[in-house]
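Next come the chains, spelled out residue by residue.
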Amino acid sequence: MTTVIKGARPYGEGDPVDVLVEDGVITAIGAVAVPEDAEIVEANGQVLLPGFVDLHTHLREPGREDTETIDSGSAAAALGGYTAVFAMANTDPVADNAVIVDHVWRRGQEVGLVDVHPVGAVTVGLKGEKLAELGTMANSQARVKVFSDDGLCVADPLLMRRALEYSTALDVVIAQHAEEPRLTVGAQAHEGERAARLGYTGWPAAAEESIVARDCLLALHANARLHVCHVSTSGTADVLRWAKDRGTKVSAEVTPHHLLLTDERLATYDPVNKVNPPLRTESDAEKLRAALAEGVIDCVATDHAPHAVQDKDTEWSAARPGMLGLQTALSIVAETMVRTGLLDWRGVARVMSERPAEIGNLADQGRPIEVGEPANLTLVDPDAEWTVRGAELASIAANTPYEGMRLPGVVTATLLRGRLTARDGKVC
């Protein structure tokens with residue numbers, strides 16, 4: 001299998017070059033003689049990046065195949081430039097044992113559009129009462145590398161401490177959904193002036209920040225790897241900076257929607273804007289963007305959360321939190337980080353490919369665009385724009401908060417180990 005990408009600009013730098021891919025590996029960069037049997041991708045000066053890695057995706061299989069499947073979610077990921085995704089454990093049944101994680105892993109292999117890495121639950125049934133079979137899942141066929149009760153917080157400090165301690169022997173990472181549940185009972189939106197004026201029960205920033213501070217201390221004392229999911233407040237960024245300065249092995253992600261959207265959206269009462277953690281203030285979003293550029297926040301993760309129409313098209317308090325993200329993530333990063341000068345395209349590679357691959361311990365993802373490296377690649381037209389239409393996205397669900405928005409940056413091709421998985425807006 002041979003592919004030639006003609007006239008690409010790796011990381012958006014320098015003059016266009018040709019990239020020769022043979023048997024899943026980059027074998028030449030520069031002026032390339034095109035083999036007769038090669039598939040040719042005309043880049044025309046577009047930006048070539050390492051394939052994106054999403055540490056936080058909800059594929060809903062098993063259990064909610066009416067909203068997403070591994071087939072449809074993998075298609076959305078490939079079209080969004082992703083070559084690997086981590087599928088969260090809050091399925092039905094919960095991915096808290098080797099049988100379920102192996103099923104998810106095998107289904108990802110069968111579909112073959114992206115590498116699907118199942119995330120194992122930290123606690124049995126996500127109930128926060130008893131540790132799940134971390135060792136069994138880590139040593140299963142799926143080789144689980146990340147564990148999380150995402151959607152719920154591991155609120156018990158003793159249980160979280162034990163999980164972090166066990167993780168060190170398994171060389172895995174514990175990813176925390178940081179939310180002190182006693183502070184968010186009945187909470188519907190970011191606690192502040194807008195929520196009060198509109199009649200929403202407030203969701204305090206301290207609910208997130210207090211758990212992050214606690215877990216950073218636990219991780220420091222256990223010498224364990226902690227990952228903080230979907231950072232949403234400026235205070236959390238301050239805690240992370242403090243923890244990293246003290247040598248804590250903590251990493252963190254921010255979602256595209258927390259980089260762009262704010263609680264101004266609450267005024268419409270449209271549940272498409274309901275998400276957990278909630279949309280915060282413009283000041284929070286500004287500081288999150290700065291923290292991502294600085295490296296205090298390590299990476300972008302989509303928290304792609306498809307929901308059925310009946311779970312979103314209802315009154316706000318009854319609606320499920322979450323929004324689609326796989327096909328819009330690159331464009332939101334381009335809008336908030338590249339157009340503003342906070343990141344260049346090499347920086348985009350860092351936060352969407354290299355760092356998430358390192359955090360997820362994926363040796364063959366997020367690699368440099370160099371001869372001898374795996375050809376997990378994404379080609380981006382930085383000058384093109386597109387209009388988001390939820391009904392036209394690959395996901396079964398259509399709950400995008402960006403409906404009708406004109407966004408910059410278009411993924412024109414995705415290659416997984418040298419094989420085209422998406423091209424010109426279509427799955428290969």
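Residues numbered from 1 in each chain as written. Predicted model: local features only at pLDDT ≥ 70, side-chain atom pairs only at ≥ 80, totals over all residues. Heavy atoms only, no water.

Looking at an unreviewed UniProt entry, one finds the protein chain named Dihydroorotase, with Amycolatopsis eburnea as its source organism. Entered under Function (unreviewed entry) in the UniProt record, the comment concerning the protein chain runs "Catalyzes the reversible cyclization of carbamoyl aspartate to dihydroorotate." According to the UniProt record, the Pathway (unreviewed entry) comment for the protein chain reads "Pyrimidine metabolism; UMP biosynthesis via de novo pathway; (S)-dihydroorotate from bicarbonate: step 3/3." (UniProt positions renumbered as here; feature names shortened; annotations may be inferred.)

Caption draft 1: Here's a closer look at the UniProt feature "binding site: Zn(2+) 2" (unreviewed entry) in the protein chain. In the UniProt entry, the feature "binding site: Zn(2+) 2" (unreviewed entry) is given for D150, H177 and H230. These residues run over 81 residues, yet every pair of their C-alpha atoms falls within 9.9 Å of each other. Note that D150 resides in the loop between β9 (146-148) and α4 (157-170). Look at D150 and you get buried, because its relative accessible area is 4%. If we skip the residues at most four places from it in the chain, D150 touches H56, H58, M88, N90, H177, C229, H230 and D303. Within the fold, H230 resides in the loop between β13 (226-228) and α7 (234-245). The residues contacting H230, other than those within four sequence positions of it, are H56, D150, H177, E208, E253, T255, N276, P277 and D303. (Helix = DSSP H or I, 4+ residues; strand = E, 2+ residues; numbered from the N terminus. Buried < 20%, exposed > 50% of the residue type's maximum accessible area, 1.4 Å probe, protein only. Contact = heavy atoms within 4.5 Å.)

Caption draft 2: Structural context of the sheet that holds strand β6 (residues 52-57). The strand order β6-β7-β8 describes an open sheet built from three strands, whose pairing is parallel. The open sheet terminates on both sides in strands that have one partner only, identified here as β6 and β8 (115-118). Each neighbouring strand pair of the sheet contributes to a mean axis angle of 20 degrees, computed without reference to strand direction. Looking at chain direction, β6 and strand β7 (residues 82-87) are connected through four bridges and run parallel. For V53, the partnering residue across the bridge sits in β7 and is A84. Along the sheet face, helix α2 (residues 98-111) touches β7 and β8 and points at about 175 degrees away from the line of β8. (Pairing = 2+ DSSP bridges. Axes fitted to C-alpha atoms, helices over the stretch in contact; angles between N-to-C directions.)

Caption draft 3: Looking closely at the packing of helix α6 (residues 206-222) against α7. Packing of α6 against α7 leaves a shortest axis separation of 9 Å and a crossing angle of 10 degrees. The angle between the axes of α6 and α7 places the two elements in the roughly parallel class. Counted together, E208, E209, V212, A213, C216 and L217 of α6 and G235, T236, V239, L240, W242 and A243 of α7 form the full contact between these two elements. In terms of residue class, the contact of α6 with α7 is made up of eight nonpolar, two polar and two charged. (Parallel < 35°, antiparallel > 145°, perpendicular 65-115°, else oblique. Nonpolar A, V, L, I, M, F, W, Y, C, P; charged D, E, K, R; others polar.)

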